[in-house]
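Overview (structure and organization)
Residue strings, one per chain:
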Amino acid sequence: MALDPSIAARLKRNEAGLFSAVAQERGTGDVLMVAWMDDEALARTLETRKATYYSRSRGRYWVKGETSGHTQYVHEVRLDCDGDTVLLVVDQEGAACHTGTHTCFDSDLLLGEPA
């Protein structure tokens, strides 16, 4: 599966050919997770509307929910102004985080509003 050349030309990749992908829940606006993509993962996502990422540790593609059932249906894909990050606006079925929580950003608050 090949990525549209006009999209590919706008992407800035790291030395491994990857760029970051942020998944945001459509209904709540919650940031759910951050993962890696390459051109093929993005092309698969655009074609199927199933969030597809590249696992650096496993060295392969994975569709969110393929083993857990916690799927992400993609409604929008946006490219940031620098071309190095995509935003996936998704409907999340089940937990987004591998720890079983709704979002990967719900445990460690490093800075909040002053008391």
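By convention here, each chain's residues receive numbers from 1 onward along its written sequence. Per-residue local features are limited, in this predicted model, to residues with pLDDT of at least 70; the limit for side-chain atom pairs, both in listing and counting, is 80 or more; totals at the level of whole chains, interfaces and linings are taken over all residues. Values shown for side chains rest on all heavy atoms present in the structure; no hydrogens or waters enter the calculation.

A word on the sheet that holds strand E2 (residues 31-37)
Which entries qualify depends on this criterion: Two strands make a pair as long as DSSP finds a minimum of two bridges between them. Only DSSP runs of H or I with at least four residues qualify as helices, and only runs of E with at least two residues qualify as strands; both kinds are numbered from the N terminus onward. Between N-to-C directions, angles span 0 to 180 degrees; the directions come from axes that are lines fitted to C-alpha atoms, helices contributing only their stretch in contact.
Reading across from one edge, E2-E1-E6-E5 is the order of the four strands in this open sheet, with mixed pairing throughout. Looking at strand neighbours, the two that pair on one side only are E2 and strand E5 (72-79), the edges of this open sheet. Strand-to-strand twist of the sheet, defined as the mean angle between neighbouring strand axes without regard to direction, takes the value 25°. Here seven bridges tie E5 to strand E6 (residues 85-92), and the two strands are oriented antiparallel to one another.

A word on the UniProt feature "domain: Phosphoribosyl-AMP cyclohydrolase" (unreviewed entry) in the chain
The cut-off we apply is this: UniProt positions are given in the numbering used here, feature names are shortened, and annotations may be inferred rather than shown by experiment.
UniProt tags residues 33-105 as "domain: Phosphoribosyl-AMP cyclohydrolase" (unreviewed entry). What you have in residues 33-105 is 14% helix and 40% strand, and the ends, taken at the C-alpha atoms, are 7 Å apart.

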